[in-house]
Amino acid sequence: MTWNLSAADSNETDDRLSTARFDGADIDRRTFLSLSAATGAALAVPGTAAADVTGEPMTDEYAFVVNHTPEAYEAATLIEFADRDDLAAFADAYEDEGLERAPKAVTRDSPSPAAHAHLTADEVEDVLEFDGIERMAFSPGANPWWKLEAPYEQGVFPPVEEARNYLGYEETAQALEYLETTAPDRISVETIGQSPGWENRLTDEESDPRDIYVAEVTNDVHDESSFASKEKVVYSLNIHGDERAGTEAGCRLLEEIAFGEAEAFEPLLDDVVLLFLFTNPDGWVSRKPQTHIPWVEEHDTNFQRGNASQFNEQPVDTNRQYPTIGWTDPNFRPAEPDGAPEEFHDLVPDSLAIVDHFRGYDNVEFLCDYHGMYTADHMVFNLETNAPFDHDGTHDLDEVNIRIGEGMHEFWGDIGAIADDIEAASQAMYDESFVPDGDSYEGLFDWGTIYDSLSYQITGGFLCWAGQPEAFGGLGAITVAPEVILSNHSEDAQKEWKPYWSRHYEEAYRISMREYAEIAAQTTTATVATADQDTAYVTTDALTRSSADLPHTDTGPGEDPSGDGHGSGARRSHDVVQPGSGGSTRITAEATDASQSIFIHLEGVGNATQGVIRLLNPAGKVVREIDLEAKADPNDSTVRKHDYEDICIRHPETGQWDVEIESDAKISASLTTVDAENGIPDPEEVLGYEQREYLVNPMQFFADLEPYLEDGDMDGLRVHDVRIGRLLRGESGQRHYDKLVVSHDDGIDDQQYLEAIEAFVEAGGDLVLTDAGVNLLGALEVGDAASITTDDVRNVEMQFANLEDRAFDHPLLAGIRPRQQEIWKGSQLGYTTDVDQPATTVDPDAFAAAGGSIAGTFAEYEDGSEEPTGTGVGAGILSADGAEIAVVGSVLPPAQQTELHPFGMADYAVSFMGHTLLCNALGFEQCRYAEGELVRTYGEIR
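Just so we're clear, the structure is a prediction, and the values are computed from it rather than from any experiment. (Residues numbered from 1 in each chain as written. Predicted model: local features only at pLDDT ≥ 70, side-chain atom pairs only at ≥ 80, totals over all residues. Heavy atoms only, no water.)

Colleague: Residue-level account of the overall build of the chain, with values.
Modeller: Within the chain one finds 22 helices and 41 strands. Against the compact-globule benchmark of 30 Å for 942 residues, the chain has a radius of gyration of 30 Å, which places it among compact chains. Dimensions of the chain along its principal axes, counting C-alpha atoms only, are 105 × 65 × 55 Å. Accessible surface for the chain amounts to roughly 32600 Å². Of this, 41% is attributable to carbon and sulfur atoms. Taking the average location of the 57 positive side-chain charges in the chain and that of its 183 negative ones, the two points are 2 Å from each other. (Helix = DSSP H or I, 4+ residues; strand = E, 2+ residues; numbered from the N terminus. Rg over C-alpha atoms; globule rule 2.2 N^0.38 Å. Areas by Shrake-Rupley, 256 points an atom, 1.4 Å probe, with all protein chains shown as cover. Lys, Arg positive; Asp, Glu negative; His and termini not counted. Charge placed at Lys NZ, Arg CZ, Asp CG, Glu CD.)

Colleague: Could you give an account of the environment of Leu237, naming the residues involved and the relevant values?
Modeller: By the element assignment, Leu237 lies in the loop between β10 (231-236) and α7 (245-258). In this structure, the C-alpha to C-alpha distance between Leu237 and Phe276, residues 39 residues apart in sequence, is 7.1 Å. Filtering out sequence-adjacent residues up to four positions away, Leu237 remains in contact with Glu243, Gly246, Thr247, Gly250, Phe276, Leu277, Phe278, Thr279, Tyr370 and Met513. (Contact = heavy atoms within 4.5 Å.)

Colleague: Quick rundown of the sheet that holds strand β7 (residues 198-200)? Include the residues and the values.
Modeller: With antiparallel pairing, the three strands of this open sheet are ordered in space as β8-β7-β12. Strands with a single pairing partner mark the edges of an open sheet, and in this sheet they are β8 (205-208) and β12 (291-292). (Pairing = 2+ DSSP bridges.)

Colleague: Just give me the short version of a negative patch on the surface, but keep the residues and values in it.
Modeller: A contiguous patch of negative charge on the surface is contributed by Asp52, Glu71, Asp122, Glu125, Asp126 and Glu129. Locating Asp122 in the fold gives a position in helix α4 (residues 121-127). Here Asp122 falls in the partly exposed class, since its relative accessible area comes to 45%. (Patch = residues over 30% accessible without salt bridge, like charges linked within 9 Å, V, L, I, M, F, W, Y side chains within 5 Å. Salt bridge = Lys/Arg side-chain N within 4 Å of Asp/Glu carboxyl O. Buried < 20%, exposed > 50% of the residue type's maximum accessible area, 1.4 Å probe, protein only.)

Colleague: Explain the packing of aromatic side chains to me, and be specific about the residues and the numbers.
Modeller: Taken as a whole and assessed by the stated rule, the structure comprises 33 aromatic pairs. Its end group placed over the ring of Trp447, Arg817 keeps NZ or CZ at 3.5 Å from the ring centre. (Phe/Tyr/Trp six-rings, centres within 6.5 Å; stacked < 30°, edge-to-face > 60°. Lys NZ or Arg CZ within 6 Å of the ring centre and 35° of its normal.)

Colleague: I'd love a proper account of the domain arrangement of the chain, names of residues and values included.
Modeller: For the chain, the assigned domains are domain 1 (60-138), domain 2 (192-522), domain 3 (527-546 + 695-938) and domain 4 (568-679). Put simply, the middle of domain 2 and the middle of domain 4, counted by C-alpha atoms, are 28 Å apart. The interface is formed by 32 residues belonging to domain 2 together with 26 residues belonging to domain 4. In total, domain 2 and domain 4 occlude about 2400 Å² of area from one another, counting both sides; carbon and sulfur atoms represent 44% of this. (Domains from an automatic or database assignment. Buried area = accessible area lost by both parts, 1.4 Å probe.)

Colleague: Account for the packing of α7 against helix α15 (residues 499-521), naming residues and giving values.
Modeller: When two helices pack together, their arrangement is captured by the angle between the axes and the distance separating the axes. As a packed pair, α7 and α15 sit with axes 8 Å apart at the nearest point and diverge in direction by 60°. When the axis of α7 is compared with that of α15, the two are oblique. You can see that α7 and α15 cross each other, and the crossing is right-handed. Together, Ala245, Gly246, Glu248, Ala249, Gly250, Arg252, Leu253 and Glu256 of α7 and Tyr505, Glu506, Tyr509, Arg510 and Met513 of α15 make up the contact between the two elements. Along the lines of polarity and charge, the residues of the contact of α7 with α15 split into six nonpolar, two polar and five charged. (Axes fitted to C-alpha atoms, helices over the stretch in contact; angles between N-to-C directions. Parallel < 35°, antiparallel > 145°, perpendicular 65-115°, else oblique. Left-handed = near helix turned anticlockwise from the far one by under 90°. Nonpolar A, V, L, I, M, F, W, Y, C, P; charged D, E, K, R; others polar.)

Colleague: Could you give an account of the packing of helix α5 (residues 169-182) against α7, with specific residues and numbers?
Modeller: Packing of α5 against α7 brings their axes to within 11 Å, and their N-to-C directions diverge by 15°. Viewed along their axes, α5 and α7 adopt a mutual orientation that is roughly parallel. Crossing of α5 against α7: the hand is left-handed. Seen from α5, the contacting residues are Thr172, Leu176 and Leu179; seen from α7, they are Cys251, Leu254, Glu255 and Ala258. Its residues assigned to classes, the contact of α5 with α7 comprises five nonpolar, one polar and one charged.

Colleague: Residue-level account of the side chain of Ser188, with values.
Modeller: When you line up the elements, Ser188 lands in strand β6 (residues 187-194). Those residues in contact with Ser188 that lie beyond four places of it in its chain are Glu180, Val214, Ala215, Glu216, Val221 and His222.

Colleague: How would you summarise the sheet that holds strand β27 (residues 622-627) if you had to cite specific residues and measurements?
Modeller: The four strands lie next to each other as β24-β29-β26-β27, forming an open sheet whose pairing is antiparallel. Of all strands in the sheet, those with a lone pairing partner are β24 (585-591) and β27, marking the two edges. Pairwise comparison of adjacent strand axes, ignoring direction, gives a mean angle of 15° for this sheet.

Colleague: Tell me about helix α11 (residues 391-412), and please be specific about residues and values.
Modeller: Taking 1.5 Å of rise per residue, the 22 residues of α11 would be expected to cover 32 Å, and the 32 Å separating its terminal C-alpha atoms lies within 8% of that figure. Burial analysis of α11 places 17 of its 22 residues in the buried class, the great majority of the element. For α11, the N-terminal capping position is held by Asp390, with its side-chain oxygen 3.3 Å away from the main-chain nitrogen of Asp392. Directly after α11, the chain includes Gly413, whose backbone phi takes a positive value near 85°. (Expected span 1.5 Å × (residues − 1). Polar contact = N/O pair within 3.5 Å; in protein donor to acceptor, adjacent residues only side chain to side chain.)

Colleague: Quick rundown of the state of the cysteines? Include the residues and the values.
Modeller: Think of a disulfide as a covalent bridge from one cysteine sulfur atom to another cysteine sulfur atom. Scanning the entire structure with this criterion turns up zero disulfides. With no disulfide of its own, Cys251 lies closest to Cys368 among cysteine sulfurs, the gap being 16 Å. By relative accessible area, Cys251 is classed as buried at 0%. Left unpaired, Cys648 is separated from the closest cysteine sulfur, that of Cys464, by 17 Å. A relative accessible area of 3% means that Cys648 is categorised as buried. (Disulfide = S-S within 2.5 Å.)

Colleague: Run through the environment of Val234, naming residues and quoting values.
Modeller: Mapped onto the secondary structure, Val234 falls in strand β10. The class of Val234 is buried, set by a relative accessible area of 0%. The sequence separation of Val234 and Leu277 amounts to 43 residues, and the corresponding C-alpha distance is 7.1 Å. Those residues in contact with Val234 that lie beyond four places of it in its chain are Leu275, Phe358, Val364, Phe366, Leu367 and Cys368.

Colleague: Just give me the short version of the pattern of salt bridges, but keep the residues and values in it.
Modeller: Following the criterion strictly, the structure yields 44 salt bridges and no others. Ionic pairing is found between Glu123 and Lys104, a salt bridge with its closest N-O pair at 2.9 Å. With a gap of 19 residues between them, Glu123 in helix α4 and Lys104 in the loop between α3 (84-93) and β3 (105-108) connect regions that are remote in the sequence. Across the pair Arg514 and Glu515 runs a salt bridge, and its minimum N-O distance is 2.8 Å.

Colleague: Explain the pairing of strand β39 (residues 883-888) residue by residue, including any values.
Modeller: The two faces of the sheet receive side chains in turn, since in a regular strand these alternate between them. A large share of β39 lies buried, amounting to six of its six residues. The two faces of β39 match: Ala883, Ile885 and Val887 on one face and Glu884, Ala886 and Val888 on the other face are all buried. Between the end of strand β38 (residues 870-880) and the start of β39, which pair antiparallel, lie two residues, with Asp881 showing a positive phi angle near 55°.

Colleague: Please set out unusual backbone geometry residue by residue, giving values where relevant.
Modeller: Between Ser110 and the following residue, Pro111, the backbone shows a cis peptide bond with an omega angle of 5°. Relative to the helices and strands, Pro111 resides in the loop between β3 and β4 (114-119). In this structure, Ala150 takes a positive phi of about 50° despite not being glycine. Mapping Ala150 onto the fold places it in the loop between β5 (133-138) and α5. A relative accessible area of 25% means that Ala150 is categorised as partly exposed. The residue His651 is not glycine, and still its phi comes out positive at about 50°. Within the secondary structure, His651 sits in the loop between β28 (644-650) and β29 (655-663). On the accessibility criterion, His651 (47% relative accessible area) is partly exposed.

Colleague: Report on the pairing of strand β41 (residues 933-938), specifying residues and quantitative values.
Modeller: Bridge count for strand β40 (residues 925-930) against β41 is five bridges, and the pairing is antiparallel. Across the sheet, Ala930 pairs through a bridge with Glu933, a residue of β41. Hairpin connection of β40 to β41: two residues between the antiparallel strands, including Glu931 at a positive phi of 50°.

Colleague: Pulling in residues and values, what's your account of the nonpolar core?
Modeller: Formed by 124 residues in total, the largest nonpolar core has its most connected members in Tyr235, Leu274, Phe276, Phe358, Met379 and Trp501. With 11 residues, α15 is the single largest residue contributor to this core. Discounting residues that sit within four places of it in the chain, Phe358 has contacts with Ile192, Val214, Val234, Leu275, Leu277, Trp465 and Leu475. If you look at the next biggest cluster of nonpolar residues, it comprises 50 residues, including Leu709, Val891, Ala906 and Ala921. (Core = buried A, V, L, I, M, F, W, Y, C linked by side-chain atoms within 4.5 Å.)

Colleague: Explain the side chain of Arg333 to me, using residue names and the numbers behind them.
Modeller: Take Arg333: it is sitting in the loop between β14 (314-315) and α9 (342-347). Given a relative accessible area of 2%, Arg333 falls into the buried group. If we ignore the near neighbours within four places in the chain, the residues touching Arg333 are Phe311, Gln321, Glu343, Phe344, Leu347, Val348, Arg572 and Leu687.

This is the structure we're talking about:
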């Protein structure tokens, strides 16, 4: 469909930002864009009136908006005229208003004369003097005519270059109904629940909840049998309300599909269902002047990240409230419909509704949650979520990433094609010129885990829940979070419509959505080629973790699990530090002998440009420090801005812990102390959920990998099986297996067990030692390992299992990309963001002296240290005559049960990098197929 708007200040909107338009002007295009005016200025204090404009044509809503906003605010105004002559007079008066944004006004002659304009209060008074004005209404959104008769004659959602502003919630809700009516065999729209809802300052409603919409798109959409059997691709468009790129791309794509104009999608709709989820309506409508936002003293017309709820006096982040397996942060309210406490239905009704609804779909192949970030070294990141994926899922995720990168490269060539627009937008938003300078796909696209890309990790994420197995309440989907630059804001960077930039992120996400749909429609497989080699892995109950082990799972009704009347609990405190308060402010938490952990959540740090946050232990020592000035640098990727910081302190020292805050912006601090007399908190007492049963062991990785082997066998053996000679064929000296994996040190004191492993290696068998199994290096007397002593091997902890100082030409790193560092993802195994992830490392000098080749290292932390205190070999290979000993110091750790984990645990949570590292350590080749054709391989058979 073609839009043909008559703009009062331009009839050539497609060309209004071209360089030619600035020939002979006083400023050039880049400077002009960098001085882009604000679409909406900060609002007045809620409840106060800044103006007193009245007029019979004004609706009550419009009068409220105009009179409760400051002088510079421009209200989105729909004006209906009595006749075309009156319309023409208005158009003549409001031309030549500038080209830095959407036109000041646009008009239409039929079916009734009307205009849409962005007007200040003074301009409204002026317009009321015009003849023939019949009605003036508040009409935010992209389509200027959506509130009028025949609103869609030129299309539903206008092209980005012709849109009046960001798409509006009410505008989109009406449009979805229209599209469903227009294409009933292809589109079905459902409301699946409601948001908490903001207080409405206009109607005085304490809560004004909004519907959550899902648009189901496929051919024969109402054929239940066909629908159920098709693969599903979910596009979550706005889980964070201030990150608008997903909605802008998804709505326009949805319209094109409805009318059969999305050429790439037409052949897919017989096989695939596309589900467009409008995840967070509260965050979407929050910029409207009618909403009262408790934590924003002066309504700033910005979208809000989360919904309208507060917990412990802090805003609720809508992407932290899902019932993920593994560690659960007690600051969050996980939305598990089965048994949710009553308060959760008030705080997170949106998340509860989404979980409940999406569990009703079969065959959810991909779930993509579209986000926006600040700055980065690439235009778009795809974040691999924390969910554990099988071999097929791991490869499907990597393959779709490659295809997205290729699609973006084909469209733009390199980042230089849009560098001027990026630089202009960054200057306007952050007062800094910035252009991505990464190497992957010429700066356009890169991918890795959440930590690989954004330098932090999370729990409770929507995608982390959706990606976990259905047996644990997830969807079993392959889940990913796209992030696009310049699609988030800070306090001094209002969320303004910049069509010259928005058109690019809209295109990037269209490419993304296309590739997910296309790969879902294909038959894809992945295998492991072994050259007919057989593998044994040593199992042990020492790696098993079970809910039956927990002290709170075997008590009777009404019994206190601690037996002394205390048990588990959470103590919470909260404070807000105002800017310019002078000096520093301290917020305290008291740790007792029963305190298991202290969790600190800091909101608003993304708005600060100066100051420091320090965490002091009871002795007054600074154990954590956040430099707010460094975090404010948009060009420093190591301190990428986000709006919050989380600090976790496990097993805190008894006494008073202080959070000391100095900041030039308001920062909200929430402290939660979790107590557990018996050492492990009971989730029913802390969160209100009963503990879910689980039985997990990381050796399940190999059992899950075995069905994908093209050849060869993969068997689990006990320590006893090894010590009695099962690795060899009797007394012949011939091997029964070609590879042996040991991931634990159970049996390290059993000389017969060690001698059996040595005999296996001496017979030419390859040994793979991972995690605590690396301790065997200090006990084995075979090959280069004989030079490694027990003193050379260290059991350490890390904050994240990142492999550093990597040698990319090393065989263990075949197929690994530079961004990929995180080997496994801790939260779904019960690990926190504190320093608690286990590794077993080898002294680098000793490893090299033994003749080993080092693929990468781990940063080692001493107990309580904030920064690494040493480095150890994290991955490498030692020789043993014709065999090799591969070492991976942390990849398959056992689950950690000491923190809250009400929804169970994963067996393992390796990233693509960790998965590939293990296959490379085994000396196997991973093969990827699409429609039966080999498309890619990783690693080589050794």
